[in-house]
Amino acid sequence: MNEPLTDFSRPAHRAAFQEAIRQVRGSLGKSYPFLIGNQRISGRRTLWRENPSHRKERVGQITLGDSSHAEMALTQCEETASLWARVPIAERARILQRAADLLKERRFELAAWEVLEVGKPWVEADADVVEAIDSLRYYAEEMLRWTEETRIGQVPGERNLYRREPLGPGVVISPWNFPLAIPAGMTGAALVTGNTLVLKPAEQSSIVDFHLVELLLKAGIPPGVVNLLHGLGPEVGDALVRSPRVRWIAFTGSKEVGLRIIERSAVTPPGQGWVKRVIAEMGGKNAIIVDRDADLDEAVLGVAASAFGYQGQKCSACSRVILLKEIERRFLERLIETARSLPVGPAEEPGTVIGPMVDQEALSRVRRYIELGKKEGGLAFEGDVPDRLDGYFAGPAIFTGVSPRARIAQEEIFGPVLATLRASSFDEAIEIANGVPYALTGGVYSRSPAHIEQAKERFRAGNLYINRKITGAVVGRQPFGGLGLSGAGQKAGGPDTLLQFLQGRTITENTLRHGIE
Ligand code: NAD
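Residues numbered from 1 in each chain as written. Predicted model: local features only at pLDDT ≥ 70, side-chain atom pairs only at ≥ 80, totals over all residues. Heavy atoms only, no water.

Structurally, the protein chain comprises domain 1 (32–151 + 160–282 + 486–505) and domain 2 (286–466). Regarding the contact of domain 1 and domain 2, the summed buried area is about 2300 Å², with carbon and sulfur atoms giving 53% of it. On the domain 1 side of the interface with domain 2, the three residues burying the most area are Arg55, Trp176 and Ser486, jointly 25% of the side's total. Viewed at the interface, domain 2 and domain 1 are joined by 1 salt bridge. Summed over the shared surface of domain 1 and domain 2, the result is 20 residue pairs in polar contact (both at pLDDT 80 or more). The set of elements that each furnish at least two residues to the side of domain 1 that touches domain 2 consists of β4 (46–51), β5 (54–63), α4 (107–118), α5 (122–143) and α9 (255–265). For the side of domain 1 that touches domain 2, the residue count by class is 8 nonpolar, 6 polar and 8 charged. (Domains from an automatic or database assignment. Buried area = accessible area lost by both parts, 1.4 Å probe. Salt bridge = Lys/Arg side-chain N within 4 Å of Asp/Glu carboxyl O. Polar contact = N/O pair within 3.5 Å; in protein donor to acceptor, adjacent residues only side chain to side chain. Helix = DSSP H or I, 4+ residues; strand = E, 2+ residues; numbered from the N terminus. Nonpolar A, V, L, I, M, F, W, Y, C, P; charged D, E, K, R; others polar.)

Here you go:
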């Protein structure tokens, strides 16, 4: 059963969330060590994290690790690996359930940390915590479907046993945009299957992930089985990926970093007695097709939510909308009016829909793409950023008449920038939709059963949505992950996720000893 989202139309919920933000604000500015085994390690190399809605508000200071800390953490993983692998499945699942319960108890507090650390508006922060709770519960339940050992293929005189065993020590490398759901999911799946790990969270969300690891330890994961190492991706992340002591890497992030990790981990140095397994969930350049007979009211709302929710900083976000030429003008008029109505403001204000970009780098990238878009298409709309704001804000931008080959129609921007493209037929619309190397999410608004069938067959996307928005996959209901260069994994929150963290072993015994069974 999935955890329900908070209904913020209820005054009591709004008041409770305001209070959670107030309390978290009261504990800003602290230092966050990383957690290796039983040790909390603080150092002189630190990084201040500022609130993206208010540049001058310091959320906290994290200690940055280096390659020697990576080795320390892997030693802990090795030392605890065989013990944790022998903990019965039911016990590992129970600990994960307990972690989900603890998360639920603290859901407003953790969502408030997300509002302040990564600038998630209320509903987005709430949804991320809910997804984390769902993931932990789902993987615990999935694990209980399996036993340590299964008897298979029985014939007289032969006993066949099939075991699913953990891979051993590994690394989880996570992005900042779903600061709890993604690391909780990858970490939970790896732990419940009996693996030990180092979590290397994104620099921008290290404080939320510090709380996550503390909570996992409190739930009963033994120290050393899960370790937290803050640090810079190209330094600590790279050191972990390259270490010959690592057996698997579960990565979620950009295509550029994901492909580099796949390449680096393919090298098998002397002394490394296994091939590293890499699960890489990467970016997207997702399209929604709006057919000539689509319900435009629904389509406008769905496109606006998919393109501008969390400022477009979702791997699943819509960044291309492909319009059948008959409805192009009508759709755009309404979409622009809808975009104009979306309030831009600090993430902690309850009415905010468009909050800040996560940091200066993200803001500069969006601005560069908006400038490029002005050369590649027509700027039909750019939202104003009120003067009173001192965070990393960019209003939503909509470009029209964009060519499918244009860079703003091909490259992941990861911001509230939407390219609209024209198609003369539904066939052509599908061709345009498929004309990028990514294939993560996709959507179609249509009333035509034939076109819907055509989309089901031909629209290449790991998650295809029909007549609804393309963001907000629910654990267990919409297993999530991409095809093409959007991902090389078995999807998160689905029936095959856990298999990625296990290896099969078959034991066959001849039971016909001296003719006696
Ligand atoms: P990113 O690729 O910049 O960073 C992701 C993680 O990799 C961070 O922890 C970072 O420190 C680390 N890293 C960076 N360089 C590294 C290196 N050389 N070696 C090892 N680790 C390294 O991504 P981001 O900005 O944190 O997140 C946004 C990206 O993530 C977008 O592209 C988005 O589409 C993608 N994403 C994908 C999914 C999915 O499920 N497919 C979900 C969320 C985000």
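We now examine a nonpolar patch on the surface. Among the surface-exposed residues, Leu259, Ile262 and Leu485 lie close enough to one another that they form a single nonpolar patch of about 200 Å² accessible area. Residue classification places Leu485 among the partly exposed positions, given a relative accessible area of 33%. (Patch = residues over 30% accessible without salt bridge, like charges linked within 9 Å, V, L, I, M, F, W, Y side chains within 5 Å. Areas by Shrake-Rupley, 256 points an atom, 1.4 Å probe, with all protein chains shown as cover. Buried < 20%, exposed > 50% of the residue type's maximum accessible area, 1.4 Å probe, protein only.)

As for its position among the elements, Thr338 is in helix α11 (residues 328–340). Setting aside residues no more than four positions away along its own chain, Thr338 makes contact with Val300, Leu301 and Ala304. (Contact = heavy atoms within 4.5 Å.)

Here we take up the packing of aromatic side chains. For the structure on display, the rule yields 11 aromatic pairs. Seen in terms of ring centroids, Phe17 and Phe108 are 5.3 Å apart; in terms of plane orientation they differ by 80 degrees. Their pairing is edge-to-face. Of this pair, Phe17 sits in helix α1 (residues 11–26) while Phe108 is found in helix α4, placing the two residues 91 residues apart along the sequence. Like Phe17, the residue Phe108 is buried in the burial classification. Among the aromatic residues, those joined into a ring-pair cluster are Phe8, Phe17, Phe108 and Trp122. Here the basic side chain of Lys120 rests over the ring of Phe178, its NZ or CZ set 4.1 Å away from the ring centre. Sitting over the face of the ring of Tyr310, Lys120 holds its NZ or CZ atom 4.4 Å from the ring centroid. (Phe/Tyr/Trp six-rings, centres within 6.5 Å; stacked < 30°, edge-to-face > 60°. Lys NZ or Arg CZ within 6 Å of the ring centre and 35° of its normal.)

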